[in-house]
Amino acid sequence: MVLSKEGLLNILEGNRRLTLRVVEAFPEKELFHYTPAGKLRPFAEMVKEVMNIETGYIRGIALGIWEFPDSFAEISTKEELVSACEAVRDETRKLWEEMTEETLGVVEKDPFFGPSQSHFDRLQYALENEIHHRGQGYIYLRTLGIEPPEFFVR
């Protein structure tokens, strides 16, 4: 079975819903300031990275605008973070309509992170990055004594 454009969007959507549930599980202060070890980043910073990657890739793929600004640096509350996540995903849904399955198959050098790959592979990387950071969020929650959301509920 081959994954369709709509199938990929459904996977992205389910994963984002779960990431937002992890964000909601954090107390506000810990979301922005807690790390279990010195060199790690707070979970909010990881979520901002996820949004920057999604924004950069989706605008690049759909519009040909390849920019990677740090658009979310000023966010400092849980409410702002959740709202930004929802706005990014709303833009993704809108721009998704601009893309075709053929577009997802186009192979180009990645303007942000390195080697040539298809746009589909690029979005798969973005998804894997989100899953990786969400896993870190689960560990953070557990070290705070907070039970994280069930990962299988999307």
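Preceding this section is the structure that the text describes.
If you're wondering where the values come from, they're calculated on a predicted model, not measured in any experiment.

Asks: Looking at this structure, how should I read the overall build of the chain?
Replies: Across its full length, the chain carries 6 helices and 2 strands. Listing the helices and strands of the chain from first to last along the sequence gives α-α-α-α-α-β-β-α. Taking 154 residues into account, the globule formula puts the C-alpha radius of gyration at 15 Å, and the chain, at 16 Å, falls close to it. Along the three orthogonal principal directions, the C-alpha set of the chain runs to about 45 × 35 × 25 Å. Counting over 154 residues, the chain shows a buried share of 44%. Residue pairs at least 24 apart in sequence account for 69% of intrachain contacts in the chain once pairs closer than 6 positions are excluded. Of the accessible surface of the chain, which amounts to about 8200 Å², a share of 55% is contributed by carbon and sulfur atoms.

Asks: Would you mind showing me how to read the packing of aromatic side chains here?
Replies: For the coordinates displayed, the defined rule picks out 10 aromatic pairs. Aromatic side chains Phe-68 and Phe-112 sit 5.0 Å apart centroid to centroid with 35 degrees between the ring planes, which places their arrangement in the tilted category. Taken together, the residues span a long stretch of sequence, with Phe-68 in the loop between helix H3 (43–63) and helix H4 (78–96) and Phe-112 in the loop between strand E1 (107–110) and strand E2 (114–118) at a distance of 44 residues. Grouped by ring-pair contacts, the aromatic residues Tyr-57, Trp-66, Phe-68, Phe-112, Phe-113 and Tyr-125 constitute a single cluster.

Asks: Just to check I follow, could you spell out a negative patch on the surface for this structure?
Replies: A grouping of Glu-6, Glu-97, Glu-98, Glu-101 and Glu-102 is seen on the molecular surface, where their side chains present a negatively charged patch. Locating Glu-101 in the fold gives a position in helix H5 (residues 101–105). By relative accessible area, Glu-101 is classed as partly exposed at 46%.

Asks: So what exactly am I meant to see when it comes to helix H6 (residues 119–143) here?
Replies: An α-helical segment advances 3.6 residues per turn. Residues three or four places apart therefore align on the same side. For H6, built from 25 residues, the straight-helix expectation of 36 Å at 1.5 Å per residue is met to within 8% by its first-to-last C-alpha distance of 36 Å. Gly-145 sits one or two residues past H6 and shows a positive phi near 80 degrees.

Asks: Could you clarify how one ought to interpret the pattern of salt bridges in this entry?
Replies: Opposite charge on two side chains allows them to pair when their charged atoms are near. Inspection of every chain in the model, using the stated rule, returns 11 salt bridges. The salt bridge involving Arg-16 is made with Glu-130; its shortest N-O contact spans 2.9 Å. A residue pair is termed long-range when its members are at least 10 positions apart, and Arg-16 in helix H1 (residues 5–25) and Glu-130 in helix H6 qualify at 114 residues. In this structure, Arg-16 and Glu-130 share a single accessibility class: buried. The salt bridge partner of Lys-48 is Glu-45, with a shortest N-O separation of 3.1 Å.

Asks: Help me out: how do you make sense of the packing of H3 against H4 in this one?
Replies: Between two packed helices, what matters for the description is the angle formed by their axes and the separation of those axes. As a packed pair, H3 and H4 sit with axes 10 Å apart at the nearest point and diverge in direction by 15 degrees. As the angle between them shows, H3 and H4 are arranged roughly parallel. As H3 packs across H4, the resulting crossing turns out to be left-handed. Here Ala-44, Val-47, Lys-48, Met-51, Glu-54, Thr-55, Ile-58, Arg-59, Ala-62 and Leu-63 of H3 come into contact with H4, specifically with Leu-81, Ala-84, Cys-85, Val-88, Arg-89, Glu-91, Thr-92, Leu-95 and Trp-96.

Conventions adopted
Residues numbered from 1 in each chain as written. Predicted model: local features only at pLDDT ≥ 70, side-chain atom pairs only at ≥ 80, totals over all residues. Heavy atoms only, no water. Helix = DSSP H or I, 4+ residues; strand = E, 2+ residues; numbered from the N terminus. Rg over C-alpha atoms; globule rule 2.2 N^0.38 Å. Buried < 20%, exposed > 50% of the residue type's maximum accessible area, 1.4 Å probe, protein only. Contact = heavy atoms within 4.5 Å. Areas by Shrake-Rupley, 256 points an atom, 1.4 Å probe, with all protein chains shown as cover. Phe/Tyr/Trp six-rings, centres within 6.5 Å; stacked < 30°, edge-to-face > 60°. Patch = residues over 30% accessible without salt bridge, like charges linked within 9 Å, V, L, I, M, F, W, Y side chains within 5 Å. Salt bridge = Lys/Arg side-chain N within 4 Å of Asp/Glu carboxyl O. Lys, Arg positive; Asp, Glu negative; His and termini not counted. Charge placed at Lys NZ, Arg CZ, Asp CG, Glu CD. Expected span 1.5 Å × (residues − 1). Axes fitted to C-alpha atoms, helices over the stretch in contact; angles between N-to-C directions. Parallel < 35°, antiparallel > 145°, perpendicular 65-115°, else oblique. Left-handed = near helix turned anticlockwise from the far one by under 90°.

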